[in-house]
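# Per-entry structural report
Take a look at the letters that make up each chain.
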There are 4 protein chains.
Amino acid sequence: MNTRTQRELSPFQQRWHSIIFEADTPAGKVFDIILLIVILISVAIVMMESVTGFKVKYDHLFRVLEWVFTIIFTIEYIFRVWCSYRPKAYVGSFYGLIDLLCILPTYVEFFFGGAHFLLTIRILRLMRIFRIFKLVPFLNESKQLALALEHSKRKIMVFLFFILLLTVVLGSIMYVIESDYNSGFTSIPVSVYWAVVTLTTVGYGDIAPVTPIGQAFSALIMIMGYAIIAVPTGIVTVEMSRLRNEEDVDQRICPHCMREGHDANADYCKYCGSKL
Amino acid sequence: MNTRTQRELSPFQQRWHSIIFEADTPAGKVFDIILLIVILISVAIVMMESVTGFKVKYDHLFRVLEWVFTIIFTIEYIFRVWCSYRPKAYVGSFYGLIDLLCILPTYVEFFFGGAHFLLTIRILRLMRIFRIFKLVPFLNESKQLALALEHSKRKIMVFLFFILLLTVVLGSIMYVIESDYNSGFTSIPVSVYWAVVTLTTVGYGDIAPVTPIGQAFSALIMIMGYAIIAVPTGIVTVEMSRLRNEEDVDQRICPHCMREGHDANADYCKYCGSKL
Amino acid sequence: MNTRTQRELSPFQQRWHSIIFEADTPAGKVFDIILLIVILISVAIVMMESVTGFKVKYDHLFRVLEWVFTIIFTIEYIFRVWCSYRPKAYVGSFYGLIDLLCILPTYVEFFFGGAHFLLTIRILRLMRIFRIFKLVPFLNESKQLALALEHSKRKIMVFLFFILLLTVVLGSIMYVIESDYNSGFTSIPVSVYWAVVTLTTVGYGDIAPVTPIGQAFSALIMIMGYAIIAVPTGIVTVEMSRLRNEEDVDQRICPHCMREGHDANADYCKYCGSKL
Amino acid sequence: MNTRTQRELSPFQQRWHSIIFEADTPAGKVFDIILLIVILISVAIVMMESVTGFKVKYDHLFRVLEWVFTIIFTIEYIFRVWCSYRPKAYVGSFYGLIDLLCILPTYVEFFFGGAHFLLTIRILRLMRIFRIFKLVPFLNESKQLALALEHSKRKIMVFLFFILLLTVVLGSIMYVIESDYNSGFTSIPVSVYWAVVTLTTVGYGDIAPVTPIGQAFSALIMIMGYAIIAVPTGIVTVEMSRLRNEEDVDQRICPHCMREGHDANADYCKYCGSKL
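Residues numbered from 1 in each chain as written. Chains lettered and ligands numbered in written order. Predicted model: local features only at pLDDT ≥ 70, side-chain atom pairs only at ≥ 80, totals over all residues. Heavy atoms only, no water.

This part covers the overall build of chain A. The number of helices and strands found in chain A is 12 helices and 0 strands. Mapped in sequence order, the helices and strands of chain A form the string α-α-α-α-α-α-α-α-α-α-α-α. Considering only contacts in chain A between residues 6 or more positions apart, those separated by 24 or more positions represent 57%. (Helix = DSSP H or I, 4+ residues; strand = E, 2+ residues; numbered from the N terminus. Contact = heavy atoms within 4.5 Å.)

Pasting the structure below:
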């Protein structure tokens, strides 16, 4: 962390900083666990609010709880700004914006009358869980998964780009074949949507071919999709296998040039030639 | 096994113990095979009982058979307790509880009048098959599979947790997009259910997007799911590959050049030629 | 081949034997290609015959063609018996029975009046293609695939057995949850069928849960299926990887003990210790 | 490139050649990016034209834009011929034919009155994107993916051929089982289509078995498909893994001990310590 732009914190602020932003102290852990529970309950409330039956029955309770959670999160947000070493950096950061987005909808709805979708923005509170994730013992595993995906990102993007072009071409061909038979292929965009549904083997069945040629061509697309699904799997597996092997690499450090990464069967440093 | 808490068994009890709990003797094998057949038939009866056509026709037969099986399993249960070295440990063990759960529903139904679901608990008899599994020649294979899953458990749990958060967020977005168009996205929980159905490429089609934006967003989710399915596959494949390799590598070290990595079938060091 | 039980063939029979049973000679290749084409056409005719529109229009033509193909295959069958070194072994072999099954239905139908399904048995003619497969240049590839599947057969069987038990248990639970809500879960066998459709991510949608608990439980099953699909993939990939690596293994043979299978980096024979 | 058959180009033509056919110069890059945007817009227009709502509203605009794009692509086509070193080779090449197919439909429609499908041929303009692909930074990744698929092509073809035979046999059996129960299995080709839909786990649900035997057999097919999907995944993963490993292994041999297998970043032999 760049210490130059940090402001001075009072000991009281420092204590709260370690509780809110860190998870090493017992108090910090308790804070994170309470926050996790509050977030989960608030998300559950938003989800239940969308169910018509519950909405009618518990409307008042939902409103009260929503204000309770909004106030809790607002106090937490103010505390985070107050005890941050660099308040502006926090406010402008990804998690700072998420934190703000989680409390704004309730106020906006109160003052301006709320649009329907404002309420659902609060589901973004779930994103806050990722920050608390630092306290779970699975951090190492999630890092490895993220690393494997990071390494195979470029190959997967090329693959997805190719899939996109393929579905546009396949969808258009199906549109030409099926559009006169009233089977749901009403336009090229809809046919492309169908091609994605088919190639990924989701297969809703809301749109399905009815002509013999259309069905034959669909069968071809499905078998193609069956073979294509092997590609991302192959990419990620190879990348994970490499990461796993690198873990196994020898931990020895060359006594002469101090570099590591030597194979397990190496007798001499591969960088400077001195004996390991 | 801790022998201190074992009670003394008479020779007669010991004989039955080896028949019931072990599969090494011919009598034990015969017992296990008969038990396997009885379990499979009793499960088949429960399944057939649920079919309305059969239920009406053979109601009496089903009742008689159910009592026959319950009495067989009750006798077996009493025998297991009677000839066990540690009866209390058996009764409290996982399989002990399963064994009890398999016979209780019939009695409960007889004395108190049966709830609908009581009958179906008897399907749990299938779980008993896993115990008999010890006699099949596939034990080693199932151990290897279980080990590979055990090793990748933590990574898979992180993955599933991530999938859960993702489906909640994606489902909520689809709810905002589609809820006004009467297309089945009636609440956020239902939309989350749809997101799971779509991301896992199951695709029932009971709920399907009808708006262009909803269909475009769905296509995006499907392609995402297509790439995401690579992750658990990669995890398990890498783990299995490692287990397979570890099996093959010998732990022996050459007494002359002190190098290892010899094949399991090697008699001489492949580096210096001295006897292993 | 065991030569003791072979009968003597005249030179004329021998010539036909090499044409019919082997694919090394030009005449044998021509015979195989003609047979391949005749088989494909006859299968196409059977398929088209099942389409009501074609059946009505070309009924007479189909009958004539069916007799033509049956007579061709009958002559071929007689020839195969006549020029075989061991006629009885051929008649009783897998392909001998397939060959007979491909011509019998037409005769049975003619003399006894045909059952509906008799006609479809003729689709088994497709199986005959596998015999001709020996002439295609892909033989090596198909052998490798078969070998990889052969090696992983036991693991896959354990896996499928586990899936079977799992679907019975999951289907029964869904039956208890959904059977009172008229959503298609009419009996345990049907619910087990639904569990297979869901766990394999096929997802027809002919049966779909309607209760919130049923949908939540289904979502769980789907995510489980998403993780489980990794298992067979892992098994086969590891097996293929091993086969591929074994191919790469050094071709050197020990000059002393004449054994092979040495690693590429071995300097001495790992069996007898002599220099390679 | 074979220089013998090249014609002489004037410096003016040469300049245009480098702009149109190459992407190394700034002008060439700008040309490619503009072309990419024009192609994407023209494809989007074709897609929107197929939507009835847009068609009615913006019919005139679509016609004007279509002519604008056709004239742009025509000019580009003439330029490509004019400044090509070997005009005939270009016209007859794959991309030359695609370029022609992209402009012809509009003219054909104008002079002869257009068939419905003529318009959709213009979607083929998307194929032109692959040519421009040379300028993106992902070229290396797409080459690797293509190479891995190229290497596993033969195995995948054997696999798809086997799948084809399997679906014909499975579809025919289902036709025999279900055809009398009015459940959509109206003919063998339709049943084969269903078998593909099921085996690939797409599962539309437009055709679904209704008889108990049919459902049991379907469940079997699905579980089979679940295991079969592992095959192409295994093939591609192994091939990718090999390509990845080959990349990493250095071809250098130690001048002192003559051993190889050094890492790409090694400066000294890891076995004897001498300089590589």
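Residue and element names in this part refer to chain B. For Glu66, the position within the fold is in helix 3 (residues 52–82). Residue Glu66 is classed as buried on the basis of its relative accessible area of 4%. Contact partners of Glu66, with chain neighbours within four places excluded, come to Val46, Glu49, Thr106, Arg122 and Arg125. (Buried < 20%, exposed > 50% of the residue type's maximum accessible area, 1.4 Å probe, protein only.)

This paragraph deals with the pattern of salt bridges. Counting across every chain of the model gives 28 salt bridges over all chains. The partner of Lys55 of chain B in a salt bridge is Glu49 of chain B, and the shortest N-O contact between them spans 3.7 Å. For Glu49 of chain B, a relative accessible area of 14% gives the class buried. Here the residues in one salt-bridge network are Glu49, Lys55, Asp59 and Arg63 of chain A, joined through shared partners. (Salt bridge = Lys/Arg side-chain N within 4 Å of Asp/Glu carboxyl O.)

Let us look at the confidence of the model for chain A. Averaged over every residue, the pLDDT of chain A is 80; the share at 70 or more is 81%. Looking over chain A, one finds the lowest element-wise mean pLDDT in helix 6 (residues 116–121) of chain A, namely 68, and the highest in helix 10 (residues 188–199) of chain A, namely 92. (pLDDT = per-residue confidence, 0-100.)

So, about the packing of aromatic side chains. Residue and element names in this part refer to chain B. Here the structure, examined in full by the defined rule, presents 48 aromatic pairs over all chains. Judged by centre distance (5.4 Å) and plane angle (65°), the rings of Phe79 and Trp82 are edge-to-face. Taken together, the residues span about one helical turn, with Phe79 and Trp82 both in helix 3 at a distance of 3 residues. On the basis of relative accessible area, Phe79 is assigned to the partly exposed category, the value being 27%. (Phe/Tyr/Trp six-rings, centres within 6.5 Å; stacked < 30°, edge-to-face > 60°.)

All names here are of chain A. The grouping of Met48, Phe54, Tyr58 and Leu61 at the surface amounts to a nonpolar patch, some 340 Å² of accessible area in total. Of all the elements, helix 3 (residues 52–82) adds the most residues to the nonpolar patch, at 3 residues. Of note, Leu61 is situated in helix 3. Assessed through its relative accessible area of 46%, Leu61 is described here as partly exposed. (Patch = residues over 30% accessible without salt bridge, like charges linked within 9 Å, V, L, I, M, F, W, Y side chains within 5 Å. Areas by Shrake-Rupley, 256 points an atom, 1.4 Å probe, with all protein chains shown as cover.)

Two quantities define a packed helix pair, namely the angle between the helix axes and the distance between the axes. Residues and elements named next belong to chain B. Contact geometry of helix 10 (residues 188–199) with helix 11 (residues 212–228) gives a least axis separation of 8 Å together with a crossing angle of 50°. Between helix 10 and helix 11, the angle is such that the two are oblique. Touching Trp194, Thr198 and Leu199 of helix 10 are Ser218, Ile221, Met222 and Gly225, all from helix 11. In the contact of helix 10 with helix 11, the residues fall into 4 nonpolar, 3 polar and no charged. (Axes fitted to C-alpha atoms, helices over the stretch in contact; angles between N-to-C directions. Parallel < 35°, antiparallel > 145°, perpendicular 65-115°, else oblique. Nonpolar A, V, L, I, M, F, W, Y, C, P; charged D, E, K, R; others polar.)

Residues and elements named next belong to chain A. Evaluated as defined, the whole model comprises 0 disulfides over all chains. Here Cys102 is not disulfide-linked; the sulfur of Cys83 is the nearest cysteine sulfur, at 18 Å. Residue Cys102 is classed as buried on the basis of its relative accessible area of 0%. (Disulfide = S-S within 2.5 Å.)

On to unusual backbone geometry, then. Negative phi values dominate among residues other than glycine, just as trans dominates among peptide bonds. Phi at Thr201 of chain B takes a positive value of approximately 60°, unusual for a residue other than glycine. Structurally, the position occupied by Thr201 of chain B is in the loop between helix 10 and helix 11.

Glancing now at the packing of helix 9 (residues 153–178) of chain C against helix 11 (residues 212–228) of chain C. Residue and element names in this part refer to chain C. Packing of helix 9 against helix 11 leaves a shortest axis separation of 10 Å and a crossing angle of 170°. By the angle between their directions, the pair helix 9 and helix 11 is classed as roughly antiparallel. Residues Phe159, Ile163, Leu166, Leu170, Ile173, Met174, Ile177 and Glu178 of helix 9 form the contact with helix 11, whose own contacting residues are Ile213, Gly214, Phe217, Ser218, Ile221, Met224 and Ile228. Here the residues of the contact of helix 9 with helix 11 are counted per class, giving 12 nonpolar, 2 polar and 1 charged.

A few words on the side chain of His17 of chain B. All names here are of chain B. Counting through the fold element by element, His17 comes out in helix 1 (residues 11–21). In this structure the side chain of His17 is engaged in a polar contact, spanning 3.0 Å, whose partner is the backbone oxygen of Cys83. If sequence neighbours within four positions are ignored, His17 has contacts with Leu9, Glu22, Cys83, Ser84 and Tyr85. (Polar contact = N/O pair within 3.5 Å; in protein donor to acceptor, adjacent residues only side chain to side chain.)

Right, let's get into the environment of Val68 of chain C. As for its placement among the helices and strands, Val68 of chain C is situated in helix 3 (residues 52–82). Each C-alpha atom of the pair Val68 of chain C and Glu22 of chain C lies 25 Å from the other, and the pair is 46 residues apart in sequence.

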